[in-house]
Amino acid sequence: MSKRWFVIHTYSGYENKVKANLEKRIESMNMEDKIFRILVPMEDEIELKDGRKKVTKRKIFPGYVLVEMIMTDDSWYVVRNTPGVTGFVGSGAKPIPLDEDEARQIIRTMGMEEPRTKVDFNAGEHVRVISGPFENFGGTIEEILLEKSKLRVLISMFGRETPVELDYNQVEKIN
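Described in the following lines is the structure provided in the data block. (Residues numbered from 1 in each chain as written. Predicted model: local features only at pLDDT ≥ 70, side-chain atom pairs only at ≥ 80, totals over all residues. Heavy atoms only, no water.)

Turning to the pairing of strand S1 (residues 4–10), a few remarks are in order. Summarising burial for S1: five of the seven residues are buried, a large majority. Bridging between S1 and strand S5 (residues 64–69) involves six bridges; their strand directions are antiparallel. Considered in S5, the bridge of tryptophan 5 is made with glutamate 68. Bridge analysis of S1 against strand S6 (residues 85–88) gives three bridges, and the strand direction is antiparallel. The residue bridging threonine 10 from the neighbouring strand is valine 85, located in S6. (Buried < 20%, exposed > 50% of the residue type's maximum accessible area, 1.4 Å probe, protein only. Helix = DSSP H or I, 4+ residues; strand = E, 2+ residues; numbered from the N terminus. Pairing = 2+ DSSP bridges.)

To continue, consider the nonpolar core. Grouped together as the largest cluster of nonpolar side chains are 18 residues, with contacts concentrated most on Ile8, Leu22, Ile35, Met69, Val79 and Phe88. Those elements giving two or more residues to this core turn out to be S1, helix H1 (15–28), strand S2 (35–39), S5, helix H2 (73–80) and S6. Apart from the residues within four sequence positions on either side, methionine 69 is in contact with Ser2, Lys3, Arg4, Phe6, Lys34, Ile35, Phe36, Ser75, Trp76, Val79 and Phe88. (Core = buried A, V, L, I, M, F, W, Y, C linked by side-chain atoms within 4.5 Å. Contact = heavy atoms within 4.5 Å.)

This paragraph deals with the sheet that holds strand S8 (residues 126–129). Paired through their backbone hydrogen bonds, the strands of a sheet run either parallel or antiparallel. Here we have five strands laid out as an open sheet, ordered S11-S10-S9-S8-S12, and antiparallel in their pairing. Across the chains shown, the open sheet's two edge strands, defined by having one partner strand only, are strand S11 (160–167) and strand S12 (171–173). Taken pair by pair, the neighbouring strands of this sheet meet at an average axis angle of 45°, ignoring direction. Looking at chain direction, strand S10 (residues 150–157) and S11 are connected through eight bridges and run antiparallel. Among the inter-strand pairings, leucine 151 is bridged to a residue of S11, identified as leucine 166. (Axes fitted to C-alpha atoms, helices over the stretch in contact; angles between N-to-C directions.)

Let us now look at the sheet that holds S6. On the basis of which strands lie adjacent, the open sheet formed by four strands has the order S2-S5-S1-S6 and antiparallel pairing. The strands lining the two open edges of the sheet, one partner per strand, are S2 and S6. The mean inter-strand angle of the sheet, taken between neighbouring strand axes irrespective of direction, is 30°. Relative to S5, S2 is paired through four bridges, and the arrangement is antiparallel.

Shown next as structure tokens:
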């Protein structure tokens, strides 16, 4: 028997509590040789509020926890009967392990990707530039450039629309 990654379903919002409970149960029931790592898949997300960047953790799969373990009747019992766990992901009574590539991809996403920016703007919205060379100009968002973390805004200058690339924190919405 080799160790594999399994997915357990939990009550949404209780993932960290389930992780803590499971770690305590593993220690108290001497299952360290069968159950190895427990992960709540999360990624960093950059949120822009009031012109400030705030890095927050966001659950990639709310309601799910990954467990690296050797599947035996005893290890299944310990995990399955942990408070907050509703069951293993899989068809029927036999849990299905994650594919090695899938597990590696999730772990890589958790640790090595740069934070994703949460955008509070939509194309077509009217905004006012609050800093930079176009300060106090009004415009309409033409496009959101996620990979550059910028907005393309159409600003009315000299009687014609001019596209300008601006950072998220250089504009504010006009209500």
